[in-house]
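Reading the structure
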Amino acid sequence: MRNTTTPSDAELLRLMVAGDDRAFTTLYQRHQGALYRFALLMSGSAAVAEDVTQEAFLTLIREAQSYDPARGTLSAYLYGVARHRVLRYLERERAHVPLLEEAEDGEAVPLITLLAQDDPFVDCMRQETSKLVRQAVLALPPRYREVIVLCDLQDLSYAEAAAALGCAVGTISSRLCRGHALLLERLRALDKLNVAPPEAKSLRCLV
């Protein structure tokens, strides 16, 4: 009788290291979508998201031995690799056309400022609201943006997010709390444009 058990990431990785191309393909198909979405929400650029996703898997191919299952899941490892690539991109962009400038107290530029520059409301309020939610997430400082993307939008547990970001679970919790507060501030800016901000629980659907 044929074995239909789905192989674990650990088994696929072992096979990949041994030279099994199909194992790598399966890992890619299993994790590519989530990594791309993470990089897209962090950077706001489809081109960057594609590059980051490819680089994450190239790193896995080149440095598979550096993955330590005792430190977290393979998914968390890939998120960590992608995160470093995205942060490098954000640092480069900050020197040219910053996505975000933080004030001295750590606050980000208000969402209303970003909207005035880039996204005037014209038609289709539903589509614009969705766009504004994505921009509200993008307007957060990276340290808050990444925990919201991972925990709220990618459904990672605090432990998985902590493994991906290389920090304590308590740090994830405190950053998530602060990130939610900042995000709500930006969503309240929608009221100034006569658009009701979406409920927090509908965030994932809109983004």
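Residues numbered from 1 in each chain as written. Predicted model: local features only at pLDDT ≥ 70, side-chain atom pairs only at ≥ 80, totals over all residues. Heavy atoms only, no water.

Per the secondary structure count, the chain includes 10 helices and 0 strands. If you list the helices and strands of the chain from N to C, you get α-α-α-α-α-α-α-α-α-α. Burial status across the chain gives 42% buried among its 207 residues. Contacts in the chain between residues far apart in sequence, at least 24 positions, make up 64% of those at least 6 positions apart. (Helix = DSSP H or I, 4+ residues; strand = E, 2+ residues; numbered from the N terminus. Buried < 20%, exposed > 50% of the residue type's maximum accessible area, 1.4 Å probe, protein only. Contact = heavy atoms within 4.5 Å.)

Moving on: the side chain of His31. Summarising the element assignment, His31 is placed in helix 2 (residues 21–43). Judged by relative accessible area, which is 10%, His31 ranks as buried.

What follows concerns the nonpolar core. Among the nonpolar cores identified, the biggest contains 49 residues, and Leu13, Leu60, Leu74 and Leu150 are the most heavily contacted of them. Mapped by element, the contributors of at least two residues to this core are helix 1 (9–17), helix 2, helix 3 (46–62), helix 4 (74–94), helix 6 (125–138), helix 7 (142–153), helix 8 (158–165) and helix 9 (169–188). The element best represented in this core is helix 4, accounting for 10 residues. Ignoring anything within four residues of it in the chain, the contact list for Leu60 reads Leu13, Met16, Leu27, Leu74, Tyr77 and Leu78. (Core = buried A, V, L, I, M, F, W, Y, C linked by side-chain atoms within 4.5 Å.)

Below, the discussion takes up the pattern of salt bridges. Opposite charge on two side chains allows them to pair when their charged atoms are near. Following the criterion strictly, the structure yields 7 salt bridges and no others. Glu55 serves as the salt-bridge partner of Arg85, at 3.2 Å between the closest nitrogen and oxygen. Taken as a pair, Arg85 in helix 4 and Glu55 in helix 3 lie far apart in primary sequence, 30 residues in all. The exposure class of Arg85 is buried, given its relative accessible area of 18%. The class for Glu55 is partly exposed, based on a relative accessible area of 31%. When the shortest N-O distance is used, the salt bridge between Arg175 and Glu146 registers 3.8 Å. Placement of the pair is Arg175 in helix 9 and Glu146 in helix 7, with a sequence separation of 29 residues. (Salt bridge = Lys/Arg side-chain N within 4 Å of Asp/Glu carboxyl O.)

Further remarks concern unusual backbone geometry. The backbone of Asp155 sits at a positive phi, close to 65 degrees, despite the residue not being glycine. Position of Asp155 relative to the elements: it lies in the loop between helix 7 and helix 8. By relative accessible area, Asp155 is classed as exposed at 51%.

Moving on to helix 2. Considering bend angle alone, the principal kink of helix 2 is centred on His31 and spans about 45 degrees. If you check which residues of helix 2 are buried, you get Ala23, Leu27, His31, Leu35, Phe38, Ala39, Leu41, Met42 and Ser43. (Bend = angle between axes of the 7 residues up to and from the residue.)

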